[in-house]
Amino acid sequence: MADFGLYTYQQEVVESALKGENIIIWLPTGGGKTRAAVYVAKKHLETTPNAKVIVLVNKVHLVDQHYNKEFEPHLGGTFIIKKVSGENKEKDFFGLVVKQSQVVICTAQILYNALINKEEARHVELSDITLLIIDECHHTQKEEAYNKVMRLYVEKKLKGEKPLPQILGLTASPGTGGAKTLEKAVEHVLEICANLDSVIVSAKEYASELKEVVPKPRKSFKIVKERLKDPFRDHLISMMNSIHSHMNLPPDFRLKECGTQEYEADVVNLEQRGVQEKNRLLAQCALHLRQYNDALLINDTLRMIDAYRSLEEYYSKKRNNPIDGTDTFLLELFEENQVELKNLAMDSRFDNPKMDELQSTLLQQFGSGDPSRAIIFSKTRKSTQCLKDWVLKNRALQEAGIKADILIGAGNGNTYMTQNEQAETIRNFRMGSLNLLISTSVAEEGLDIPECNLVVRYGLLTNEIAQQQASGRARAENSQYAVVAQAGGREDCRERMNEYLEELTGKAIDRVQTMTPQDFCTKIIQLQEMVVTCTKIEQRRQAEKRSRNTASSIQLLCRSCFAPVASGSDIKLVENMYVNVNPDFKKHYTFGDQLTLERSFEDWEPGCTISCKICSKKWGNEIKYKKCAILPNLAIKNFVLESPGQERLPVKKWKDVPFTVEEFNFKEYCQENFLLD
C-alpha cells in the first residue's frame, strides 16, 4: 500500500474491503476517501476474475473530476476506464460501454436507467458488476438515485439472488437525518447501512494520524448586534400588511412572522389553497408576498439595495400585462412605494452590520499581505451575485488584493454556470488569479478545490453534513472557519445546533460499530425488509392513483390565470420529457428567448422558451425532435390539473399526476401531422 501513497489510517479503513466485505468508509473532507477507493478498485481488478468496477457519483461534474484526478492517473495504464454522464453520447449505449470496460465512472441516474431499461445496448444487470463504489453515499436515502439503485440490490439480496456486487460507500458524514436524540441518530445511521447493505468503518487505531493529516480549522463566531433601526424593513412589512388586508385571508389561517422561512412556507401553502379553491386573488397575493418575504431575507443578510433590486426586477416583468384587478392592485402598490423604498435602501445610516463584520473578517485574512485563499458560502445564486458585486465595489477589499468570482451549480439559463465555467473558475482559484470564491453549496461537497485559509458561512441555515463539508474546505495550516451571524439569530442558533449534531453523529456511529455482528445483521435485514414492503405499498398506491382518471378526463390549466389550455391526453413522454403533441396547443403560448444547452443530444435540440399568451406565465420550452417535430416541453409545476369533478390539483412533478402518461409514438405523430402513408 505504501507505493500507492496511502496513509496508515487509510490502510486501516480499507482492510475489510480488501477481503471483499461491504463497507462505508467514514473519513472527513480531505481525508483521502477517493484515493482509498481507487486502491480498493486496483486490488479488486487484480484479484477478481472478470472484474467490473462501477463508480457512482451524484453530480455530473464529479464524473470528470474522479476520472481525471484519481482513476485514470492510477489505473489508466493497466485497465480500460470510461466516463459516462448526460454530457456525452455513451449513455445511449451504456450497456455496451460496461461490457467493453473494466472501470466505468458515471452518475447514479445513468446506472439506474440502465438497470431498468431492457433494450440490449442500454441494459446492465447488477450481476454484471463486481464492485460498486458510491461516492457521497449519505445520499442513499428516500428517492435519491443512489437509493433506487440500492433498492434493486436489496430486493435481489432478500430473494437470495446472486451474484451481487461488493459495495464500497464513501462519506464525510452520514448525519443524523434530522434526529436530535442518540437513539434516533443511531436508527438513521443503521438505515444508511441497511440501504447500502454495509458496515460503517472509520479510523480507530490510527485516528491520531488522521488528525495530523486533516487538522480541524480554528472556529470563530463573528457575532453582530441587531440593527437598532431598519426603516426599509419596516416599510416592506407595511406593504405586506396592505396585501394581507386586500386578499381577505381565510379566517382559519394565521401567518407567521414576516421575513422568516416559516412565513415563506405559509404563503406557499396559501398559493396552493388559492389554486385549489379557484381563488386567483388569494393565489396571486400569496405569490407576491413571497417576493416581499424574499426581499426581507435578502435585507437581513445583504445590502438594502440588493433587496430593493430583487423587487424592482420582479415588478419590471409584471408591468406589461395585468389581466385583472388583483394584478393592478399589486403593481400599483409597488409603484406607489417604489421611490420611498429606493431612498431608504440608499441611506447608509441603516446599513447591514453583518456586511461590516464580513468585510472585517476578510480584511483580517487578506490585509496581512500573506497569500491567502478563501471561500464564502452563501445560500442562493442571487446572494452570491450580490456579494460579488459588493466585493468588486468595495474599495477596502480591492486594496487588500481580493480577486473574487462566484461558483454556483451547473444548469441551464442565466442564473446557472456551465460545467466549463465551473472548471475555469476552480482552475483560476487554484492558479491564484482568483483568491476568493463566493459559492453556493456546490463547493461544499465533492469538488476538487484547493486548501483554503479561510472559510466563511454567511447567511446560511443548513444541516450538520453541509457544515462539516464546508469546514473541511479550510485545510491550510492555521486556517479559520468563521460564522458571521446576528446574536441569537437563526444562523447563530443553527450553527450551534449543528455542532451538537456533529458530535451526536460520531456517538451514533460509535454505537453502531460496537453492536455485535449478529445484532447488526438482524437489524439490517429488518430494515431492508421494511423498506421493500413500504416501496411495494407506495408503488401500488401510485398505480391506483393513476388509474382513477383517464388522461382525457384531466384538464391542464395555466397556474397563473387558470385558463384551460390542454388535455391530459395531449401529453406524451419522450426522452424523459413531457411534451404536448396537440398542434392546437400552439395558439395558447408566445415565444421567448432561444434556450441554449452546454451539451447536444442525439434525437432532439432545444428551441425557444414558451409562456402563457394571456398572463405570460412561463410554461417550459419547445424542442425539435428528430429534425422535424416541434414539441412543447412542459414543466407541470407551471400548471394546475382539473379533474372531472372540478377538483383542482397543483403538482410539482410529473410522476405525481393522477393519470397515466403514454410514451410518444413518433411514427403515429408523423402520420397524423404530416399526412404520411
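Before reading on, note that the structure itself is shown above.
Notes on the structure follow. (Residues numbered from 1 in each chain as written. Predicted model: local features only at pLDDT ≥ 70, side-chain atom pairs only at ≥ 80, totals over all residues. Heavy atoms only, no water.)

### Points about the sheet that holds strand β14 (residues 555-558)
To be explicit about the condition: Pairing between strands is defined by DSSP: at least two bridges between the two strands are required. In this description a helix means any DSSP run of H or I spanning at least four residues, a strand means any run of E spanning at least two, and both kinds are numbered starting from the N terminus.
One open sheet holds the four strands; their spatial order is β15-β14-β22-β23, and the pairing between them is antiparallel. Of all strands in the sheet, those with a lone pairing partner are β15 (564-567) and β23 (648-649), marking the two edges.

### Concerning the pairing of strand β12 (residues 454-458)
Heads up, the rule is: Burial classification: accessible surface area is computed with a 1.4 Å probe over protein chains only, and a residue below 20% of its type maximum counts as buried, one above 50% as exposed, and the rest as partly exposed.
In terms of residue burial, β12 counts as a mostly covered element, since five of its five residues are buried. A two-sided burial pattern is seen for β12, the buried positions comprising Leu 454, Val 456 and Tyr 458 on one face and Val 455 and Arg 457 on the other. Here four bridges tie strand β9 (residues 374-377) to β12, and the two strands are oriented parallel to one another. When the sheet's bridge partners are listed, Ile 376 is paired in β12 with Val 456. Here β12 pairs with strand β13 (residues 480-486) via five bridges, running parallel.

### Comments concerning unusual backbone geometry
With an omega of 0 degrees, the peptide bond between Lys 162 and Pro 163 qualifies as cis. Of note, Asp 197 is a non-glycine position whose phi angle comes to about 50 degrees, a positive value. Looking at the element boundaries, Asp 197 is found in the loop between α7 (182-196) and β7 (199-201). Although it is not a glycine, Glu 575 sits at a positive phi angle of roughly 50 degrees. Topologically, Glu 575 is positioned in the loop between β16 (571-574) and β17 (577-580).

### Some words on the pattern of salt bridges
Test applied: Put simply, a salt bridge is a Lys or Arg side-chain nitrogen that is within 4 Å of an Asp or Glu carboxyl oxygen.
Overall, the coordinates contain 46 salt bridges when judged by the stated rule. Residue Glu 257 pairs with Arg 233 through a salt bridge whose shortest N-O separation is 3.9 Å. Of the two residues, Glu 257 sits in the loop between α9 (231-246) and α10 (261-276) while Arg 233 sits in helix α9, which places them 24 residues apart along the sequence. With a relative accessible area of 55%, Glu 257 lands in the exposed category. By relative accessible area, which is 25% here, Arg 233 ends up partly exposed. Residues Lys 507 and Glu 503 are paired through a salt bridge, measuring 3.4 Å at the closest nitrogen-oxygen approach.

### Section: empty space enclosed by the protein
Spelled out, the test is: Cavity: a set of points on a 1 Å grid over the protein atoms alone where a 1.4 Å probe fits but cannot get out. Pocket: an open set with protein on both sides within 12 Å along at least five of seven lines, its lining residues, like those of a cavity, having an atom within 4 Å of a point. Grid points are joined across faces, edges and corners, and a volume is the space filled by probe spheres set on the points. Basically, the charged four are Asp, Glu, Lys and Arg, the nonpolar ten are Ala, Val, Leu, Ile, Met, Phe, Trp, Tyr, Cys and Pro, and anything else, Gly included, counts as polar.
If you walk through the whole model with that rule in mind, you get two cavities of 30 Å³ or more. Taken as a whole, the largest cavity spans an internal volume of roughly 70 Å³. Lining the largest cavity are Asn 147, Met 150, Arg 151, Val 154, Ala 194, Asn 195, Leu 527, Gln 528, Val 531 and Val 532. Elements that contribute at least two residues to the lining of the largest cavity include exactly α6 (145-159), α7 and α20 (517-547). Here the lining of the largest cavity is built from residues that sort into six nonpolar, three polar and one charged. In this structure, the second largest cavity occupies an estimated 30 Å³ of space. Taken together, Arg 457, Tyr 458, Gly 459, Leu 460, Val 483, Val 484, Glu 491 and Glu 495 make up the full set of residues lining the second largest cavity. Of the residues assigned to the lining of the second largest cavity, the class counts are four nonpolar, one polar and three charged.

### Here's the deal with the side chain of Gln 542
Short version of the rule: The contact criterion used throughout is that any non-hydrogen atoms of two residues lie within 4.5 Å.
Looking at where Gln 542 falls in the secondary structure, it is placed in helix α20. Overall, Gln 542 belongs to the buried group, its relative accessible area being 13%. Non-local contacts of Gln 542, meaning those with residues more than four positions away in its chain, are made with Lys 655 and Asp 656.

### Regarding the sheet that holds strand β6 (residues 166-171)
Inclusion rule: To get an axis, fit a line to the C-alpha atoms, keeping to the stretch in contact for a helix; angles then go from 0 to 180 degrees between the N-to-C directions.
The seven strands lie next to each other as β3-β4-β2-β5-β6-β1-β7, forming an open sheet whose pairing is parallel. Of all the strands in the sheet, just β3 (81-84) and β7 have a single pairing partner and so form its edges. Within the sheet, the average angular offset between the axes of one strand and its neighbour, ignoring direction, is 20 degrees. Inspection of the sheet shows β3 paired to strand β4 (residues 103-107) by four bridges, in the parallel sense.

### Re the environment of Lys 379
Take Lys 379: it is sitting in the loop between β9 and α15 (381-393). Among residues more than four places away in sequence, those in contact with Lys 379 are Gln 261, Thr 440, Tyr 458, Gly 459 and Leu 460.

### Things to note about the nonpolar core
So the rule is basically this: To form a nonpolar core, buried Ala, Val, Leu, Ile, Met, Phe, Trp, Tyr and Cys residues must be joined to one another through side-chain atoms within 4.5 Å.
The biggest cluster of nonpolar side chains holds 75 residues, and the ones touching the most others in it are Phe 232, Tyr 292, Leu 362, Ile 376, Leu 387, Leu 436 and Tyr 458. Counting residues per element, this core draws most heavily on helix α11 (residues 280-301), which supplies eight residues. The residues touching Leu 362, leaving out its near neighbours within four places in the chain, are Gly 367, Ile 376, Trp 390, Leu 397, Ile 402, Leu 436 and Leu 454. Of all hydrophobic cores here, the second largest spans 47 residues; its members include Cys 137, Ala 179, Leu 504 and Leu 527.

### Here we look at the packing of aromatic side chains
Going by this rule: Pairing of aromatic side chains requires ring centres within 6.5 Å, counting the rings of Phe and Tyr and the six-membered ring of Trp. Pairs whose planes differ by under 30 degrees are stacked, by over 60 edge-to-face, and all others tilted. Working rule: Lys NZ or Arg CZ, within 6 Å of ring centre, within 35 degrees of ring normal, means a charge sits over the ring.
Under the defined criterion, the tally for this structure stands at 14 aromatic pairs. Where Tyr 625 meets Phe 664, the ring centres are 5.6 Å apart and the plane angle is 80 degrees; that geometry is what we call edge-to-face. Highlighted residues: Tyr 625 in strand β20 (residues 618-625) and Phe 664 in the loop between β24 (662-663) and α21 (666-673), separated in sequence by 39 residues. With respect to class, Tyr 625 is no different from Phe 664; both count as buried. An aromatic cluster of at least three residues, connected via ring pairs, comprises Phe 585, Tyr 589, Phe 591, Trp 619 and Phe 639. Positioned above the aromatic ring of Phe 221 is the side chain of Arg 496, whose terminal nitrogen or guanidinium carbon lies 3.8 Å from the ring centre.

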